[in-house]
Protein chains: 2
Amino acid sequence: MSQWENYILRPEPYVPGEQPAGEKLVKLNTNENPYPPSPKVTLRLETMDAAAFRKYPDPSASILTKTLAENYGIDPSQIFVGVGSDDVLAMAFLTFFHSPEPVVFPDITYSFYPVWADLFQIPYRQIPLDEQFCIHKEDYYGNNGGVVFPNPNAPTGLELPFEDVEDIVANNPDSVVIVDEAYIDFGGVSVLPLIQKYENLLVVQTFSKSRSMAGMRIGYAMGSRKLIEALENVKYSFNSYTMNQAALELGAEAVQDPEYFRNTLDKIIKTREETKAWMRDFGFTFPDSKANFLFVTHPQIDAAELFEALKKEQIYVRYFPKPRLSSYLRITIGTDYEMAVLRGFLKRYLGR
Amino acid sequence: MSQWENYILRPEPYVPGEQPAGEKLVKLNTNENPYPPSPKVTLRLETMDAAAFRKYPDPSASILTKTLAENYGIDPSQIFVGVGSDDVLAMAFLTFFHSPEPVVFPDITYSFYPVWADLFQIPYRQIPLDEQFCIHKEDYYGNNGGVVFPNPNAPTGLELPFEDVEDIVANNPDSVVIVDEAYIDFGGVSVLPLIQKYENLLVVQTFSKSRSMAGMRIGYAMGSRKLIEALENVKYSFNSYTMNQAALELGAEAVQDPEYFRNTLDKIIKTREETKAWMRDFGFTFPDSKANFLFVTHPQIDAAELFEALKKEQIYVRYFPKPRLSSYLRITIGTDYEMAVLRGFLKRYLGR
């Protein structure tokens, strides 16, 4: 081995969810939206001028930040955008978590948190969820270098009530609190209004789920001007131009179609609640998800075996071979047709 | 000030080149290509399906890596792609530069190198260019934790000959050597063939200059499988999906039009050489650029004053108020028309 190989950073390799290709498969494994983006996105795409790509995109991403600001009734200086919420969250870790105290987050949660902490040499402490996968707000009060959790949580789908989130923020005046609201639009209550009350609260959202644009990589953070300015300073020092021009323009279009957005969400929520009902009939149990997925287990079925059986039928869901999670499957809410295919298979599998 | 504000990372704010809007202005300040991307990009854009954006992009970016691999006659496993070469270079710093010895690069060079080193806490040493802005290859032999330099260099445009670059690589068997070839297509000679001979050589290129796609943010690195695999492991651990679907597909189209690419480069090189001739006639001096810009100075003219005078006329160039650079302007090679506008102004300014 050459000397230079000793100085390579070697993180634990992460394997993303499969992206199998093919028209026939039922893809319920990466929490994508089963419906296409707003028709306004298609229209804008059709009239987009490729010649404009020769120039760098607007580094301030103003078309997107202005549109989001109008949509949420906040000031553009309170919005920071990035290449998916992963980019925004990683940037937030890098910007805000420099206390000698450990950053805290749940032990069962989005799998990238510990990875980013390791990467940026940020000390962290994972706080166990209870047996019902619930967060106890008191566990997060003070004595930390920062707080981060998804709401609803992943991969459980459980929502922490607005008041509990506010209590966590209010009891951490010395830390930045990041609430990762990737799944909030599917029936949860956003704590966005609290950014006007607490300067240390950062709310992160994404276009990948509710806005049907995972393929365009758009995420954003909302918070006080202090927080957003700090994020921008770090981002500009690191890479001036991250969002490409197409993402900026198409993202802005998606935000300007609230009616389509609402209809899409309503359809997914309706499908989710119907899925809960027949899943329960089949003997599955699950936390009461407020997200676009269910985290299900069954007393008579081995989750790993069911995962493989589903895959053979071209039905892709997510299985986590980890402590506390290995008897569960995470199933994205697809179209009614996709859920009917799943239901039909499970009926046969369960011998009903 | 609240306690949490003490733990914010506060890098020196970086101010990117201006992106003024407007049709009339002559924009020669950010080294963009004056010509649009290949017509194949426009065609692909017209038939792109917005519905596909609901899904995550292919994390392996295979459509783009395969197309680039074919174009360069190398294996897809030797290519790593990212959100512009800034993203690729930052990821390479993070991946390869973990030696206790300092990474070395020229004192006058791409301004992001020291920023990334600071961000990732990488020790570095800047090696002064000589008075003609030349790199002396011997200065880079060994005793370092890594080597990085642009070829041609920025903002001078000077190319280090192929043999000298090889000597630097050959004399650094214990370090990763990164050659940043952002401007190589404008008449320079790429050291790409050397990646088959030296496992520790990484060649970085971009779509932002020669391929007229700064707005889409596409960069790539080419090297041994060992280097590329290490980059991929770090990238996947950090963010699985960085390139959006539109960038992957449109980038692949651009690569598949070598004739258009060649024609565009030939036009820019011709304009550059013509610009050199009349600039010389006007009394300007400059390093003999192999890039799509000139780095010019004039014995009778204050560069800062000329910069402001040009700006008033809506002609944007780049001025660096830094030691050794403050008597120069960096002028991007635009269309023949744009250069004629510049020439006309300079003629009046110089009273000729």
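Scroll up to find the structure.
Source: prediction; values computed, not measured.

A.B. asks: For this particular structure, what's the right way to read the overall build of chain A?
C.D. replies: A tally of regular secondary structure across chain A gives ten helices and twelve strands. Relative to a compact globule of 352 residues, whose C-alpha radius of gyration would be 20 Å, chain A shows 21 Å and is just as compact. Counting only C-alpha atoms and orienting by the principal axes, one finds that chain A spans roughly 60 × 55 × 50 Å. Burial statistics for chain A: of 352 residues in total, 62% are counted as buried. In chain A, the proportion of contacts linking residues at least 24 apart, taken out of those at least 6 apart, comes to 72%. Carbon together with sulfur atoms contributes 50% to the accessible area of chain A, which is approximately 13,400 Å² in total.

A.B. asks: In this structure, what is going on with the relation of the copies chain A and chain B? I would like to understand it.
C.D. replies: Here the second copy of the chain follows from the first by a rotation about an axis and a shift along it. Superposition record for chain A on chain B: RMSD 0.0 Å, screw rotation 180°, translation along axis 0.0 Å. Accordingly, the operation relating the two chain copies is best matched by a two-fold axis. If distances are taken from each C-alpha of chain A to the rotation axis, the shortest is found for A:E46, at 2.8 Å. Looking at the interface residues of chain A, 100% of them are also at the interface in chain B, so both copies use one shared face.

A.B. asks: Can you help me understand the packing of helix α6 (residues 225–238) of chain A against helix α4 (residues 112–119) of chain B in this one?
C.D. replies: Any two packed helices are characterised by the angle at which their axes cross and by the distance between the axes. Running from amino to carboxyl end, α6(A) crosses α4(B) at an angle of 125°, the nearest separation of the two axes being 9 Å. The orientation of α6(A) relative to α4(B) falls into the category oblique. Along the contact surface, α6(A) presents A:Y236, A:S237 and A:F238, while α4(B) presents B:F112, B:V115, B:W116 and B:L119. Residues belonging to the contact of α6(A) with α4(B) are distributed by class as follows: six nonpolar, one polar and no charged.

A.B. asks: It is not clear to me how the interface of chain A and chain B should be interpreted in this structure. Could you clarify?
C.D. replies: By a widespread convention, an interface's size corresponds to the accessible area lost as its parts come together. The interface is formed by 84 residues belonging to chain A together with 84 residues belonging to chain B. Counting the surface lost from both chain A and chain B, the interface buries some 6,900 Å², and carbon and sulfur atoms represent 63% of this. On the chain A side of the interface with chain B, the three residues burying the most area are A:W4, A:R54 and A:Y56, jointly 13% of the side's total. Residue A:K226 is joined to B:E5 by a salt bridge in which the shortest nitrogen-to-oxygen separation is 3.1 Å. In this assembly, chain A and chain B are joined by 29 residue pairs in polar contact (both at pLDDT 80 or more). For the side of chain A that touches chain B, the per-class residue count stands at 47 nonpolar, 23 polar and 14 charged.

A.B. asks: I would appreciate a short explanation of the packing of aromatic side chains in the present structure.
C.D. replies: The relative placement of two aromatic rings is captured by the distance of their centres and the angle of their planes. A full pass over the atoms with the stated rule returns 42 aromatic pairs over all chains. A centroid spacing of 5.5 Å and a plane angle of 70° characterise the contact between A:Y110 and A:F112, whose relative ring orientation is edge-to-face. Judged by its relative accessible area of 1%, A:F112 is buried. Here B:F105 and B:Y124 contribute two aromatic rings whose centre-to-centre distance is 5.3 Å and whose plane-to-plane angle is 25°, an arrangement assigned as stacked. Linking B:F105 in strand β3 (residues 103–106) with B:Y124 in strand β4 (residues 124–127), this pair joins segments that are 19 residues apart in sequence. These aromatic residues form a ring-pair network of at least three members: A:F93, A:F97, A:F105, A:Y110, A:F112, A:Y113, A:W116 and A:Y124.

A.B. asks: How should empty space enclosed by the protein be read in this particular structure?
C.D. replies: Over the atoms rolls a probe the size of a water molecule, and in doing so it shows where empty space is left. Throughout the structure, instances matching the rule amount to eleven cavities of 30 Å³ or more. Reported here for the largest cavity is a volume of approximately 150 Å³. For the largest cavity, the full set of lining residues is A:V83, A:D87, A:M91, A:F238, A:N239, A:T242, B:V83, B:D87, B:M91, B:F238, B:N239 and B:T242. When residues of the lining of the largest cavity are traced back to their parent elements, those giving at least two are α3 (84–96) of chain A together with α3 (84–96) of chain B.

A.B. asks: Can you walk me through the side chain of B:D185 in this structure?
C.D. replies: All names here are of chain B. Note that D185 resides in the loop between β6 (177–180) and β7 (201–206). Put simply, D185 is tucked away with no salt bridge, and the nearest opposite charge, on R211, sits 5.2 Å away. Polar contacts involving the side chain of D185 include one to the side chain of S210, which spans 2.5 Å. Not counting chain neighbours up to four residues away, the residues in contact with D185 comprise Q205, S210, F261, L265 and I269.

Rules used throughout
- Residues numbered from 1 in each chain as written.
- Chains lettered and ligands numbered in written order.
- Predicted model: local features only at pLDDT ≥ 70, side-chain atom pairs only at ≥ 80, totals over all residues.
- Heavy atoms only, no water.
- Helix = DSSP H or I, 4+ residues; strand = E, 2+ residues; numbered from the N terminus.
- Rg over C-alpha atoms; globule rule 2.2 N^0.38 Å.
- Buried < 20%, exposed > 50% of the residue type's maximum accessible area, 1.4 Å probe, protein only.
- Contact = heavy atoms within 4.5 Å.
- Areas by Shrake-Rupley, 256 points an atom, 1.4 Å probe, with all protein chains shown as cover.
- Least-squares fit on C-alpha atoms with pLDDT ≥ 70 in both.
- Axes fitted to C-alpha atoms, helices over the stretch in contact; angles between N-to-C directions.
- Parallel < 35°, antiparallel > 145°, perpendicular 65-115°, else oblique.
- Nonpolar A, V, L, I, M, F, W, Y, C, P; charged D, E, K, R; others polar.
- Buried area = accessible area lost by both parts, 1.4 Å probe.
- Salt bridge = Lys/Arg side-chain N within 4 Å of Asp/Glu carboxyl O.
- Polar contact = N/O pair within 3.5 Å; in protein donor to acceptor, adjacent residues only side chain to side chain.
- Phe/Tyr/Trp six-rings, centres within 6.5 Å; stacked < 30°, edge-to-face > 60°.
- 1 Å grid on protein atoms, 1.4 Å probe; cavity = no way out; pocket = protein on both sides within 12 Å on 5 of 7 lines; lining within 4 Å.
- Points joined across faces, edges and corners; volume = space filled by probe spheres on them.
- Lys, Arg positive; Asp, Glu negative; His and termini not counted.

Interpretation in functional terms is not warranted from these geometric data alone.
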